[in-house]
Amino acid sequence: MEDQKQTPSNTPPTSPADQAAEAQAAQSATPNPSAEPAAAADDASQFAAQLAELEAKARENYDLYLRAVAESENIRRRAQEDVAKAHKFAIESFAEHLLPVMDSLQAALADGSGDIGKLREGVELTAKQLASAFEKGRMVELNPVGEKFDPHRHQAISMVPSEQEPNTVVAVLQRGYLIADRVLRPALVTVAAPK
């Protein structure tokens, strides 16, 4: 038998600590069949926790959505009720200003003295009360004598010959009224005819 010669290797001799590190690296490089199910179980529990957290957040958001819908419905209903009340009681303030006028008229009717001077004075005071009530109710009287005819505020009954400029209001047959710059009733007028 022939003696076998050992050939020197190109790698330097390793220390025992290096050998242990290499063995550990080799172990971690090889897949551990028992480690894979444990990692998969950890991932599954992590996903389940995330899913539960997201479901809780979705329930919370849905609850907030339902509350917002209910609140907006309540606001819409209250607004409708407020509009209905405003239509129903819009005249309440104006009616309160008219009550003293009614009281004065009833007092005049109850007076049995027969004194025409007192009656006239009472009617004049009542007319002042009514004018004050109109003013408080933002009702403005249209008495356009001498003004230019305005078809939006005046209604011409006839044209009469006059010394005034053409299309000027000569006489007011019935006064008109505005409420907050909106025509309640146009003034009935006669207008100067063109010369």
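Residues numbered from 1 in each chain as written. Predicted model: local features only at pLDDT ≥ 70, side-chain atom pairs only at ≥ 80, totals over all residues. Heavy atoms only, no water.

**Overview of the sheet that holds strand β4 (residues 176-179)**
We apply this condition: For two strands to be treated as a pair, DSSP must find no fewer than two bridges joining them. The way it works is that DSSP assigns letters per residue, a run of H or I at least four long becomes a helix, a run of E at least two long becomes a strand, and they are numbered from the N terminus. The angle between two axes is taken between their N-to-C directions and runs from 0 to 180 degrees, where each axis is a line fitted to C-alpha atoms and a helix contributes only its stretch in contact.
Overall, antiparallel pairing links the three strands, which are arranged β1-β4-β5 in an open sheet. For this open sheet the edge positions go to β1 (139-142) and β5 (182-185), each flanked by a neighbour on one side alone. With direction set aside, neighbouring strand axes in the sheet form an average angle of 35°. Direction of pairing for β4 relative to β5: antiparallel, over a ladder of three bridges. The residue of β5 that forms the bridge with Leu178 is Val183.

**As for unusual backbone geometry**
What counts here: For the exposure calls, accessible area comes from a 1.4 Å probe over protein chains only, and a residue counts as buried if that area is under 20% of its type's maximum, exposed if over 50%, partly exposed in between.
Positive phi is not limited to glycine here, since Asn167 has a value of about 65°. Positionally, Asn167 belongs in the loop between β2 (154-160) and β3 (169-174). Asn167 sits in the partly exposed class, given a relative accessible area of 40%. Backbone geometry at Asp181 places phi at a positive 65°, although glycine is not the residue there. What makes Asp181 exposed here is its relative accessible area of 68%.

**Let's talk about the packing of aromatic side chains**
Here a ring pair, both rings aromatic, is described through the centre-centre distance and the interplanar angle of the planes. For clarity, the cut-off: Between rings of Phe, Tyr and Trp, where Trp is taken as its six-membered ring, a pair exists when centres lie within 6.5 Å; planes separated by under 30 degrees are stacked, by over 60 edge-to-face, and by other angles tilted.
Inspection of the entire model under this criterion finds three aromatic pairs. Relative to Phe134, the ring of Phe94 lies with its centre 6.1 Å away and its plane at 20°, an arrangement referred to as stacked. Taken together, the positions of Phe94 in helix α3 (residues 92-110) and Phe134 in helix α4 (residues 116-136) put the pair 40 residues apart, joining distant regions of the chain. With respect to class, Phe94 is no different from Phe134; both count as buried. Ring centres of Phe134 and Tyr177 lie 5.5 Å apart, and the angle between their planes is 75°; this geometry places the pair in the edge-to-face category.

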